[in-house]
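# Architecture at a glance
Spelled out from the first residue to the last, the chains are:
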Amino acid sequence: MNRAKRRPTSIRYTILCIPLFFCGSLLVLFLLLQLLNEQKKEQESVLMTAALPSGTITEELFQTIQDYPGLLCCWAVYAAPARIRIGSYQASAEIWGIDLSAWPLRITSSAGKKPLGRAPLLVAGQDFFQGMTDGSGAQITRRQARVFEETMGTLEVEITFSQDVSDERSTDFSAGNQERPLRASTAPSSVSPSSCMGGFLALTEGSRLYMDAVQMKEVLKDAQIFSGLSRVCLEIQGKKQAKAVEKSLTKAGFLVEDFSFTSEEREAIKKDA
């Protein structure tokens, strides 16, 4: 009789253990996947830009930034506001002067090889043309914006810099020993040209405008415009180290824009900064 009573009890116990064992196995598998996912995140790099709301980044500060832990690369960014005109269409934009050979651009269309001469060459985001307006202020049509995208290699662009500053100070340095000497300006010292004609080199994702940093500094020098370093782009190994770097930059007064953090992670970084 006792054996008969024990047998159903042991069976019930076994039946109860099966789902518990199954749930435990799922929990262990979930935790293992989470661990692998975190390890994968730490192997990936994070891209972010850091800019000072006013003033320029000194060489000493630039060197300090390069000492951050986990920093894989640091690119200098020279920026200046400008008005871009293509035929009867125009748009205001900030041009970023970068090292085109090293900057992590995602090129979607290229105009082919063009010599880096006196005429400035722009790399434009595909969305840039959609923000242009005609002479009456009307928004460009999608069809016309598409035409500009398809023929960007043959377009003539008038670039007018809106910053008219005669300050001769200039922060001239770059990361990775990629600095190239600037050619002497051919513009007379008494002339301050406000615009120049250029073209497009390629299209990339987004809506920004880019120019080779060395060429941009030369163009700005001809226009007698101060071209100090305004921001940097950082590539950092892993999200944890990237968060630490962003906190440090935020405390130092930088405005940081990244390409990897979620909105929740960004709010957490701001609270801890």
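Each chain carries its own residue numbering, running from 1 in the direction its sequence is written. Totals for whole chains, interfaces and linings use every residue, but because this is a predicted model, local features are given only for residues with pLDDT of at least 70 and side-chain atom pairs only at 80 or more, for both listing and counting. As a rule here, side-chain values come from all non-hydrogen atoms in the structure, and water together with hydrogens is ignored.

Right, let's talk about the environment of Ala51 for a bit. Structurally, the position occupied by Ala51 is in strand β1 (residues 45–51). Taking C-alpha positions, Ala51 is 9.2 Å from Val77, a pair spaced 26 residues apart along the chain. In this view, Ala51 contacts Ser230, Arg231, Gly253, Phe254 and Leu255; residues no more than four positions away in its chain are not counted. By definition, any uninterrupted DSSP run of H or I lasting at least four residues is a helix, any uninterrupted run of E lasting at least two residues is a strand, and each is numbered from the N terminus. The criterion used for residue contact is that any of the two residues' heavy atoms lie within 4.5 Å.

This part takes up the side chain of Asp212. Position of Asp212 relative to the elements: it lies in strand β8 (residues 209–212). We define a polar contact as two N or O atoms separated by no more than 3.5 Å, with the added condition that, inside protein, one atom must be a possible hydrogen donor and the other a possible acceptor, whereas residues neighbouring each other in sequence contribute only through side-chain atom pairs. A polar contact of 3.2 Å, which involves the side chain of Asp212, links it to the backbone nitrogen of Val214.

For the rest of this paragraph, the subject is the pairing of strand β5 (residues 121–125). The rule is simple: take the accessible area with a 1.4 Å probe, protein chains only, and divide by the maximum for that residue type; under 20% is buried, over 50% is exposed, in between is partly exposed. Among the five residues of β5, five are classified as buried, and the element is accordingly described as predominantly covered. Side chains Leu121, Val123 and Gly125 project from β5 onto one buried face, and the interleaved Leu122 and Ala124 project onto a second face that is buried too. The sheet contact formed by β5 and strand β7 (residues 195–204) spans five bridges and is parallel. When the bridges of β7 are listed, Leu122 appears paired with Phe200. As paired strands, β5 and β8 are joined by three bridges and run antiparallel to one another. Directly across from Leu122, in β8, lies its bridge partner Met211. Pairing between two strands requires that DSSP report at least two bridges joining them.

Here we take up the pattern of salt bridges. By salt bridge we mean one thing: a side-chain nitrogen of Lys or Arg within 4 Å of a carboxyl oxygen of Asp or Glu. Scanning all chains against the criterion turns up five salt bridges. Among the salt bridges present, the one from Arg106 reaches Glu205, with a minimum N-O distance of 3.6 Å. Of this pair, Arg106 sits in the loop between β3 (89–98) and β4 (107–110) while Glu205 sits in the loop between β7 and β8; the two residues are 99 residues apart in sequence, bridging distant segments of the chain.

Our focus in this paragraph is the environment of Arg146. Topologically, Arg146 is positioned in helix α3 (residues 142–150). What makes Arg146 partly exposed here is its relative accessible area of 48%. Each C-alpha atom of the pair Arg146 and Phe129 lies 8.1 Å from the other, and the pair is 17 residues apart in sequence.

In this analysis, rings of Phe, Tyr and Trp, with Trp reduced to its six-membered ring, are considered paired at centre separations within 6.5 Å, and the interplanar angle assigns stacked below 30 degrees, edge-to-face beyond 60, and tilted for intermediate values. Following the criterion strictly, the structure yields eight aromatic pairs and no others. Aromatic pair Phe129 and Phe148: ring centres 5.8 Å apart, planes at 55°, arrangement tilted. Here Phe148 lies in helix α3 and Phe129 lies in the loop between β5 and α3, a separation of 19 residues in the sequence. Here Phe129 and Phe148 have matching classes, each one buried. Ring centres 5.4 Å apart and planes at 65° place the aromatic pair Phe129 and Phe200 in the edge-to-face group. You can see Phe129 sitting in the loop between β5 and α3 and its partner Phe200 sitting in strand β7, a full 71 residues away along the chain. Of the two residues examined, Phe129 and Phe200, each falls in the buried class. Chaining the aromatic ring pairs together yields one cluster made of Tyr89, Phe128, Phe129, Phe148 and Phe200.

What follows covers the nonpolar core. With 30 residues, the main nonpolar core has Ile84, Ile95, Phe129, Met132, Ile159, Phe161 and Phe200 as its most contacted residues. Ranked by size, the runner-up nonpolar core spans 20 residues in total, among them Ile65, Cys74, Leu229 and Val245. We define a nonpolar core as any set of buried Ala, Val, Leu, Ile, Met, Phe, Trp, Tyr and Cys residues linked to one another through side-chain atoms lying within 4.5 Å.

Turning our attention to the pairing of strand β10 (residues 255–258). The two faces of β10 differ: Val256 and Asp258 on one face are buried, but Leu255 and Glu257 on the other face are not. Bridge count for β1 against β10 is four bridges, and the pairing is antiparallel. Looking across to β10, one finds that Ala50 is bridged to Val256.

To continue, consider the confidence of the model for the chain. The quantity called pLDDT is the predictor's confidence in a given residue, expressed from 0 to 100. On average, residues of the chain carry a pLDDT of 77, and 68% of them reach 70 or more. Here helix α6 (residues 263–272) stands out as the least confident element of the chain, with mean pLDDT 44; α3 is the most confident, with 94. Contacts from residues 261–273, a stretch scored under 50 in pLDDT, to residues over four places away or in other chains number 21 contacts.

What follows is about unusual backbone geometry. Its identity as a non-glycine residue notwithstanding, Gln224 has a phi of 55°, on the positive side. With respect to the secondary-structure elements, Gln224 resides in the loop between α4 (213–222) and β9 (229–237).

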